[in-house]
Amino acid sequence: MAGRLGRMGLAGELIAECAGTMVLILFGAGVVAQVVAAELGDHDSIAWAWGIGVALGVYVAGRTTGAHLNPAVTVGFALFRGFPWRKVMPYAIAQTIGAFIGALIVRWNYAEILAMADPGRTIKTQIVFSTLPGNGTLPVSQWGGLRDQIIGTAILLFVIFALSDTANMAPSANMGPFVIGLLIVAIGMSFGADAGYAINPARDFGPRLASFLTGYGGAWRDQYGDLYFWVPIVGPLIGGVIGAWLYQVCIAPFLPQGEDRDTVKPSD
């Protein structure tokens, strides 16, 4: 495995991260387009499709990189699991590019339906691509959205650290993506109302940029007219560090000693 990764180099890792993130956006943004613009499905459809999309994205990139697909995950593994810091920014850029490409494909494919449902390209369908406080309708402020993103991503990283720690009860390699997908479904069903559970800077910024470049002039702002794009970037980065740190402090020291832990990092 290490030899194969060494021959591929960083370029192969970045392609895998880009492709895996693109896959999760194809399913995630695609289902929101179907629910919001075509009125097919409901919140449960969204939660399940996002979870399945993440699981499939992890299956795509997992053997090559461990499938971070999320800058918050990459930073967490760099801080606490020995992932090389020199790869953090390239991974984050690759993840964002993958999300951008996935969103462009969804935007193109659903162009007619989006135009029918929202010819003015307002927040009604902007939510297909990026998140808003209270999903654009509920009385949640910008700071409420930030709080939500910190909490949601802390949960995400706390559980991902548990699932990737072989000294704990980590699932077998081929089941890991499936369980992570269920984690996303659970977060969506439990923490989806306040800010749309972006919990991933690349997942939000890439599609937000794609929508802006294809006619959504208000993409950077929320329903109150305030700049909001920074919230799903800063919140997940803070929350991810908190969640990873809590696992390292509250769980990891009390696990059986002398067992190797899966650091989900490719070779240097």
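Residues numbered from 1 in each chain as written. Predicted model: local features only at pLDDT ≥ 70, side-chain atom pairs only at ≥ 80, totals over all residues. Heavy atoms only, no water.

**Digging into helix α8 (residues 176–190)**
Here is step 1: Between its first and last C-alpha, α8 extends 21 Å over 15 residues, near the 21 Å set by a 1.5 Å rise per residue.
Here is step 2: Along its buried surface, α8 packs onto α2 (43–65) and α7 (142–163). (Helix = DSSP H or I, 4+ residues; strand = E, 2+ residues; numbered from the N terminus. Expected span 1.5 Å × (residues − 1). Contact = heavy atoms within 4.5 Å.)

**Regarding the environment of G30**
Here is step 1: As for its placement among the helices and strands, G30 is situated in helix α1 (residues 2–36).
Here is step 2: Under the relative-accessibility criterion, G30 is labelled buried at 11%. (Buried < 20%, exposed > 50% of the residue type's maximum accessible area, 1.4 Å probe, protein only.)

**Section: the environment of Y197**
Here is step 1: Within the fold, Y197 resides in the loop between α8 and α9 (201–213).
Here is step 2: On the basis of relative accessible area, Y197 is assigned to the buried category, the value being 7%.
Here is step 3: When sequence neighbours within four positions are dropped, the list of residues in contact with Y197 reads I46, A47, W50, Q149, I184, I187, G188, F191 and G192.

**Quick look at the packing of helix α3 (residues 71–80) against α7**
Here is step 1: At a minimum axis distance of 11 Å, the contact between α3 and α7 shows a crossing angle of 55°. Of the possible angle classes, the one that applies to α3 and α7 is oblique. At the point where α3 passes α7, the crossing takes the right-handed sense. Taken together, the residues of α7 that come into contact with α3 (itself represented by A72, V73, G76, F77 and F80) are T153, L157, I160 and F161. (Axes fitted to C-alpha atoms, helices over the stretch in contact; angles between N-to-C directions. Parallel < 35°, antiparallel > 145°, perpendicular 65-115°, else oblique. Left-handed = near helix turned anticlockwise from the far one by under 90°.)

**Re the confidence of the model for the chain**
Here is step 1: Put simply, the chain has an average pLDDT of 93, and 93% of its residues get 70 or more.
Here is step 2: pLDDT under 50 marks residues 263–268. Its contacts with residues more than four places away, or in other chains, come to 26 contacts. (pLDDT = per-residue confidence, 0-100.)

**What about the packing of α7 against α8?**
Here is step 1: Running from N to C, α7 and α8 point in directions that differ by 160°, and their axes come no closer than 11 Å. One finds that α7 runs roughly antiparallel with respect to α8. Crossing of α7 over α8 shows right-handed handedness. On α8, the residues that touch G152, I155, L156, V159, I160 and L163 of α7 are V179, I180, L183, I184 and I187.
Here is step 2: The residue makeup of the contact of α7 with α8, split by class, is 10 nonpolar, 1 polar and no charged. (Nonpolar A, V, L, I, M, F, W, Y, C, P; charged D, E, K, R; others polar.)

**Re the nonpolar core**
Here is step 1: Ranked by internal contacts, the top residues of the largest apolar core, which has 54 residues, are W50 and L156.
Here is step 2: For this core, the secondary-structure elements that each account for two or more residues are α1, α2, α3, α4 (88–109), α5 (111–117), α7, α8 and α10 (231–250).
Here is step 3: The greatest single-element share of this core, amounting to 8 residues, is contributed by α1.
Here is step 4: Those residues within four positions of L156 in sequence are excluded, and the remaining contacts are N70, L183, I184, I187 and I199. (Core = buried A, V, L, I, M, F, W, Y, C linked by side-chain atoms within 4.5 Å.)

**Considering the side chain of N200**
Here is step 1: Tracing the sequence through the fold places N200 in the loop between α8 and α9.
Here is step 2: Polar side-chain contacts of N200 include one of 3.1 Å to the backbone nitrogen of R203.
Here is step 3: In contact with N200, not counting residues within four places along its chain, are L69, N70, P71, P232 and P236. (Polar contact = N/O pair within 3.5 Å; in protein donor to acceptor, adjacent residues only side chain to side chain.)

**Describing a nonpolar patch on the surface**
Here is step 1: Nonpolar side chains collect at one region of the surface, where F27, W48, I52, L56, Y59, M175, F178, L182 and M189 lie side by side and expose about 830 Å² of accessible area between them.
Here is step 2: Summarising the element assignment, I52 is placed in helix α2.
Here is step 3: A relative accessible area of 44% means that I52 is categorised as partly exposed. (Patch = residues over 30% accessible without salt bridge, like charges linked within 9 Å, V, L, I, M, F, W, Y side chains within 5 Å. Areas by Shrake-Rupley, 256 points an atom, 1.4 Å probe, with all protein chains shown as cover. Salt bridge = Lys/Arg side-chain N within 4 Å of Asp/Glu carboxyl O.)

**A word on the packing of aromatic side chains**
Here is step 1: Scanning the model with the defined rule gives 10 aromatic pairs in all.
Here is step 2: With centroids separated by 6.5 Å and ring planes inclined at 80°, the aromatic side chains of F80 and F161 adopt a geometry described as edge-to-face. Here the residue F80 occupies a position in helix α3, and F161 occupies one in helix α7, the gap between them amounting to 81 residues.
Here is step 3: Judged by its relative accessible area of 0%, F161 falls in the buried class. (Phe/Tyr/Trp six-rings, centres within 6.5 Å; stacked < 30°, edge-to-face > 60°.)

**Details of the side chain of T153**
Here is step 1: Its location among the elements puts T153 in helix α7.
Here is step 2: The class of T153 is buried, set by a relative accessible area of 0%.
Here is step 3: A polar side-chain atom of T153 sits 2.7 Å from the main-chain carbonyl oxygen of Q149.

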